[in-house]
Structure formats: C-alpha cells, structure tokens
Amino acid sequence: MMEWLETHPRILLLAGMLVLCGALYGSSLGNAFVLDDGPAVQANPYAHWPPDPGGILSTNYWGSPPHYRNLTIYRPLSTLSFALVDGVASGDDAAGGQRSVNILLHALAAWLTALLVLAWSGSRGAAWITGILFAVHPVHSEAVLGVVSRAELLAAVFALWAVLNHLGWSGDEARGPRIRRGVLGIALVGLAILSKENGATVVVGLLLVDGLAMLGRRMGWEDPRRGAPWWVHLGNLSVLGGYMVLRSRVLSGILAGDLDPFDNPLVGAGALARILTPFKLLWINCRLMVAPVELTWDYSFNHVPVVSSLQDGAAWAGVATAALMVALTLWAARRAGPLAACLALFAASYSVVSNMVFLSTILMAERLLYLPSAFFIAALVVLGWLVWPDGEAPWLRRGLLAALVLVSLGYSARTVVRIPEWRDGLALAEAGVRVAPDSAKARSLLGHELAAAGRPKEAIPHLRASLALDPTNFLAHFNLGLALHRVGQHEAAFHAWEAALLTSKGTHRDARAALCTAALSARRIDLLERWCPMGGRK
C-alpha cells in the first residue's frame with residue numbers, strides 16, 4: 001500500500017489534506033449556525049430539501065425575502081449545495097452536516113493548490129509545504145467555519161481546478177484531448193462563477209497567464225507549455241456574459257443594489273481616501289496572509305479607518321507592495337514563468353475585493369482572501385523553490401524547512417484557538433466586540449445574542465451603541481424594541497419598532513407583527529391605525 005502511495009503522489013497529497021483538515025476543524029462540527037448562516041441557509045426556503053431549481057435560479061443568495069430583495073449577491077450553485085446537504089443532514093444535525101462539507105471543500109482547495117505548485121515546480125516537497133500552509137492558515141477559518149461561506153470554498157475549488165486544467169495545454173496534444181480539455185475548462189469556469197461572483201476573475205487570470213507566457217517567450221523564457229487556443233478564452237468570456245445576463249434579470253441589474261457606507265466606508269468618501277485606502281487594505285491583507293495574529297469577522301465601520309492624510313504609513317506601504325508585485329511579475333515573465341503566473345492570478349482574484357477597480361459591498365473580510373491567498377501562498381513557495389532548488393544548499397533548505405514547520409504549527413494553533421469563538425452567535429459577538437469595540441455591526445450582533453439568551457438588560461446598551469454609530473440598521477432597531485419590551489419599557493419599544501419599519505421602508509414583517517401585537521394589547525389605537533390596518537398592512 002505504501003509503495004503504491006509513493007508512486008501516486010497526488011493521491012497521497014489528497015489523503016494528507018483530508019486528514020489534516022479533518023483533524024484541525026473536526027471540533028467545529030458541534031458549532032451552531034452563526035451570522036449570515038441564518039438568512040442564507042436556515043431561513044432561505046430554497047436552501048432546503050427538496051431542491052427547487054427554478055426558485056434557486058430566480059432569487060438572490062438569501063432567497064429574496066422582502067427586506068433583502070435588493071441584496072446584490074447571486075450564487076445559485078452554492079444555494080443548491082445547501083439544499084442537497086439538507087437532504088442528508090437536517091434538524092439538529094444541520095449545522096454540523098453543512099460545516100463538514102465546508103471542511104471537505106477546504107481540503108480539496110488545499111490539495112488543488114498543492115497540485116498547482118507540483119505542476120509548476122515538479123517538487124513534491126514544495127507541493128506538500130503549499131498544501132499544509134493553505135490547510136492550516138488561520139485566515140481561512142472564517143470561510144470554513146461560517147456555513148454561508150460555502151460560496152468562497154466552492155468557487156475556489158472550481159477556479160483552482162480550472163487553472164490546473166489550463167496548465168496542461170501543450171503544442172503536441174492530440175485534437176480529441178485538446179477539445180476535452182477546453183470544454184472541461186469552460187465548464188469549470190462556469191461552475192466557479194455560479195458558485196460566487198469572484199469566480200469570474202479566473203477568466204481574466206487565465207488571459208493574464210497566457211499573455212505573460214507569450215511575453216516571456218518573446219523575451220527568451222523557454223516554457224514547454226502553450227497557452228489555450230482562442231476558442232477556449234472566447235468560451236470563458238461567453239460563459240461570463242451569460243452569467244451577467246442571468247444575474248441582471250434576477251437582481252434587476254448587473255451590479256444592482258445600494259452600497260452601505262457602514263459596511264464600506266469608502267462609499268461617498270473623498271478622492272484621497274478613495275485612491276489610497278485600497279493600497280492600505282492591500283498592505284493589511286498581505287500582513288494577514290503572512291502574520292495572522294489579530295483576526296475578526298467584522299471589518300466594517302470603523303475598525304479600519306479610511307485614509308484621511310498623506311501621512312498614513314500603511315497606505316504608502318501598500319503602494320510599495322503593489323509596485324514590488326508589478327515589478328516582480330514583469331521580471332518573472334522573462335525568467336520564472338510559474339512565479340509570474342502565481343502573481344497574475346493573485347492580482348486577478350484580489351482585484352474584485354480590493355476596492356481599486358470598483359467599490360465592493362464591504363471594505364474587507366478575511367473570507368474574501370480565500371481564493372487570492374491560494375495564489376499568494378503558491379507564489380511564496382514557488383519563489384523559495386526558485387531561489388533554493390532541490391538538492392542545492394541542503395543546510396539552508398533544512399533551516400528553511402524547520403522555520404516552515406514552526407510557522408505551520410503556529411498557524412494551526414491560531415486556527416484551533418479560533419474555533420470556539422465560532423461556537424455560537426453569542427461567543428462570536430463577544431469575540432467581535434473584543435477586537436472591534438467601536439463597530440456598529442459587532443455591537444448590534446452582541447445585543448441581539450444577549451437578548452436571545454434572556455439577558456435583555458445587558459443587550460440594551462450594546463444595541464443603543466450600535467444605533468449611535470449606524471441609525472439605519474433596522475435589525476438593531478427591531479432587536480432594541482424586543483429588549484425594551486421585555487424589561488417593561490413599552491413606549492420606548494414602540495418607538496424602536498417604528499424606527500425599524502421606517503428604516504426598512506415598511507418591509508420588516510417581524511417588526512410590524514411585534515408592534516401590532518403589543519399595540520393591540522396596550523390598546524394603542526393610534527399605532528394600530530398607523531401601522532396595522534387591514535390585518536397589519538399599511
């Protein structure tokens with residue numbers, strides 16, 4: 001058996017990644033649904049068995065409920081995956097069943113990332129280092145532990161597979177295999193895009209990879225691989241165009257919906273902030289991918305302040321980082337094609353979450369680094385392999401290996417420590433407020449979870465602090481009303497529920513139901529006439 005595994009390094013790599021990810025994240029299977037798992041999975045009628053393909057294709061990621069009808073995310077394949085898993089694990093086993101699929105997908109993503117480095121370098125050692133670093137990296141824990149982040153994992157698996165398939169193009173391949181490779185690649189791109197919008201970046205990434213390879217050959221780089229034929233890139237672009245048409249019909253526009261300035265403070269910001277803050281974010285994200293010490297699920301207002309002065313050192317560190325990456329990519333195009341490919345794919349996958357090209361719905365989040373980090377880690381390992389090839393400077397390689405072992409152990413420990421923070425909504429909210437005490441979102445979630453735990457008096461200060469930062473948060477208004485009502489402050493509760501209805505433009509059904517029920521009990525005719533005529537419809 002061991003001899004067979006030795007002669008099948010890819011199977012051995014897969015087994016290693018499955019065991020590693022299972023051991024690392026196994027204790028999370030008892031964790032509850034948290035954060036957006038509620039609207040995207042639990043409350044989404046299309047995320048349950050049996051699957052409803054028509055409903056999945058015609059609604060947004062949260063099933064288009066009235067107060068989230070303008071949500072700008074469309075990920076039908078991820079919603080379908082929730083429904084399929086629900087047919088096997090539901091009820092008390094639902095959260096654990098869904099999360100086990102996330103762990104499996106994470107192991108596959110680690111394996112595919114390792115295979116990319118194996119294809120680029122031919123070094124089994126480099127491939128194992130890549131897979132282990134990706135599997136244990138703490139910055140990936142949000143994507144694995146949050147069930148709703150299934151979209152990140154699915155998109156990454158299909159995107160990495162598409163890149164791996166793309167690397168197989170050669171000039172001497174027969175016509176039949178070439179057609180099969182091209183059709184498979186186009187299909188994988190389509191699956192990545194239907195899993196999450198950032199899957200579209202693989203279309204650009206593959207164009208960049210082939211473009212840099214062509215540039216490198218003209219400058220003297222001898223690369224045995226050849227880029228894909230024109231019809232493959234045309235097929236990828238056609239799939240992307242078809243997705244855009246489908247998305248525009250469901251969301252009433254290709255980039256439909258409004259951006260919340262509290263989720264992304266760059267909305268409405270001045271030119272200085274708009275230009276330099278994305279570079280500051282690049283520096284912060286690169287730091288997280290190298291030294292993930294302080295992690296949080298919440299980077300909304302005002303955890304990462306936008307750039308307000310030319311003296312912001314992090315912004316200029318980001319400018320220097322971007323310039324270094326561009327210079328290194330151009331140098332590698334001539335001398336080290338695999339490194340150039342890694343950097344190009346990182347740039348493509350990071351572009352849609354960078355806030356450089358266009359504003360994202362949120363300023364930053366660790367889960368958004370899931371796919372870009374695969375190419376970032378691969379680039380570091382490939383660079384190390386280029387500097388110290390197998391068989392050269394063995395003493396230096398042994399020292400480097402020892403350092404990587406220590407880094408992997410540190411990453412693993414940080415990931416294990418983080419798992420209990422995602423145990424349930426209350427633990428996660430408390431962890432968020434510890435790291436970002438001035439965050440409106442973290443305060444709102446903590447208030448909600450305290451009220452749900454039967455501690456309304458403790459919840460009220462957090463909910464009021466959240467609304468002081470973000471008065472438009474209709475969920476915080478609604479939860480504040482519930483907490484106030486439970487402690488006997490009925491008049492204040494009425495005001496909070498009315499604010500929830502006003503800020504949600506009358507669409508929050510739970511706020512209307514709570515207000516009408518309480519107003520009927522208190523005989524508040526004025527509130528009943530204002531909000532509850534004709535069975536509770538205004």
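The structure under discussion appears in the preceding block.
Scope of this entry: the structure provided in the associated data block.

### Brief notes about unusual backbone geometry
Line of reasoning, step 1. Along the chain, Trp49 connects to Pro50 via a cis peptide bond; the corresponding omega equals 0°.
Line of reasoning, step 2. A positive phi angle, close to 65°, is found at Asn355, a residue other than glycine.
Line of reasoning, step 3. By the secondary structure assignment, Asn355 is in the loop between helix H15 (337–351) and helix H16 (370–387).
Line of reasoning, step 4. One non-glycine residue, Arg523, lies in positive phi territory at about 55°.
Line of reasoning, step 5. The residue Arg523 is located in the loop between helix H23 (509–521) and helix H24 (525–531) in this model.

### Structural notes on the state of the cysteines
Line of reasoning, step 1. In the structure shown here, the tally under the stated rule is one disulfide.
Line of reasoning, step 2. The residue that forms a disulfide with Cys516 is Cys532, at a sulfur-sulfur distance of 1.9 Å. Measuring the twist about the S-S bond at about -100°, one finds the Cys516-Cys532 disulfide to be left-handed. Placement of the pair is Cys516 in helix H23 and Cys532 in the loop between H24 and helix H25 (533–536), with a sequence separation of 16 residues. Like Cys532, Cys516 is buried.
Line of reasoning, step 3. The closest cysteine sulfur to the non-disulfide-bonded Cys286 is located on Cys342, 14 Å from its own sulfur.
Line of reasoning, step 4. Taking relative accessible area as the criterion, Cys342 reaches 0% and is therefore assigned buried.

### Quick look at the side chain of Asn60
Line of reasoning, step 1. Within the secondary structure, Asn60 is located in the loop between helix H4 (53–57) and helix H5 (76–86).
Line of reasoning, step 2. In this structure the side chain of Asn60 is engaged in a polar contact, spanning 2.9 Å, whose partner is the backbone nitrogen of Ser64.
Line of reasoning, step 3. Not counting residues within four places of it along the chain, the set of residues in contact with Asn60 comprises Tyr68, Arg69, Leu71, Ile73, Tyr74, Val250 and Leu251.

Thresholds applied
- Residues numbered from 1 in each chain as written.
- Predicted model: local features only at pLDDT ≥ 70, side-chain atom pairs only at ≥ 80, totals over all residues.
- Heavy atoms only, no water.
- Helix = DSSP H or I, 4+ residues; strand = E, 2+ residues; numbered from the N terminus.
- Disulfide = S-S within 2.5 Å.
- Buried < 20%, exposed > 50% of the residue type's maximum accessible area, 1.4 Å probe, protein only.
- Polar contact = N/O pair within 3.5 Å; in protein donor to acceptor, adjacent residues only side chain to side chain.
- Contact = heavy atoms within 4.5 Å.

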